[in-house]
Amino acid sequence: MDDRTVLPVASASKLLLLAEVAHRLETGELPADRVVEILDEDLAEGTGLLRRLSRRGWTVEDLAWLTASVSDNTATNALLRLVGRESTARLARELGLDHLTLHDKVRDVRGPDVPPVFATGTARDLARLVTHTVRGTMSCPAASARLLRWMRANTDHGLVPALVDHDPYEPCFPERLRDGLLVANKTGTDTGVRADAGVIIGRRRLAYAVVAHWDTALGPSTERAAVHAIRDVGRTLAACAGRRTADRGTGIGEEA
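Residues numbered from 1 in each chain as written. Predicted model: local features only at pLDDT ≥ 70, side-chain atom pairs only at ≥ 80, totals over all residues. Heavy atoms only, no water.

## So, the pattern of salt bridges
- A full pass over the atoms with the stated rule returns 16 salt bridges.
- Close ionic contact of Arg90 with Glu94 constitutes a salt bridge, the shortest N to O distance being 3.5 Å. With Arg90 and Glu94 both in helix 4 (residues 85–94) and four residues apart, the pair spans about one turn of that helix.
- Under the relative-accessibility criterion, Arg90 is labelled partly exposed at 32%.
- Linking Glu223 and Arg194 is a salt bridge whose minimum nitrogen-to-oxygen distance equals 2.4 Å. Remark: Arg194 occurs in strand 7 (residues 193–201) and Glu223 occurs in helix 7 (residues 220–242); sequence separation between them is 29 residues.
- Given the relative accessible area of 30%, Glu223 is considered partly exposed.
- Looking at Arg194, the relative accessible area reads 11%, which means it is buried. (Salt bridge = Lys/Arg side-chain N within 4 Å of Asp/Glu carboxyl O. Helix = DSSP H or I, 4+ residues; strand = E, 2+ residues; numbered from the N terminus. Buried < 20%, exposed > 50% of the residue type's maximum accessible area, 1.4 Å probe, protein only.)

Structure, rendered in structure tokens:
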């Protein structure tokens, strides 16, 4: 398979939702301090903290930070209910992301009457979305910058960044780095799926996306092999980003 193959991409697709929210915050369509009540229909298990917290009212900005940093499924559902899947589909079309689609909200159980997966897409579309973000061409520069800050807060660096020498707590994206690299990303995990989309910044800025999908009947060794392969991609990207000249990759990375 290549970077044009449509696959389940799990929570990496939340970047598209966050891009739409960032756009609305910057245009004033959504006030950042607007309080959104968490409904029972928003509640979802899996990643996140919100379901376990006592408050039911959170600002739009709070929900975005929770979605970006800990991939909070309940916060994701609240934001998706707020802006609608149709708006994410429209944004995908505007950005030329032909196959990146949010099909449904996050659900604990998927029956026959709902889409079989939360989202599908291609590695190419995910990398292109990150490229728009880094270049400031997503919808407006301020929205791109906001999304990049959210991505920077992601706490899951276990896939592409795992073997990258980087400081996850560096507060900004300076033009030049003294040592190491910077990473901003969003991961996705589901049964038989691992995905990671982001940017590695050194002397060069490389937007990337990697999606792995496998038959779970093959056993846990296949999952381990997929994770190791994704981490090796990170090692390759880090080498490219850290020096001034490098060979182009195999479609998984795009200079931003």
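There is more to say, and it comes next.
## Describing the confidence of the model for the protein
- On average, residues of the protein carry a pLDDT of 91, and 91% of them reach 70 or more.
- Confidence drops under pLDDT 50 across residues 243–251; counting only partners more than four residues distant or on other chains, this segment forms twelve contacts. (pLDDT = per-residue confidence, 0-100. Contact = heavy atoms within 4.5 Å.)

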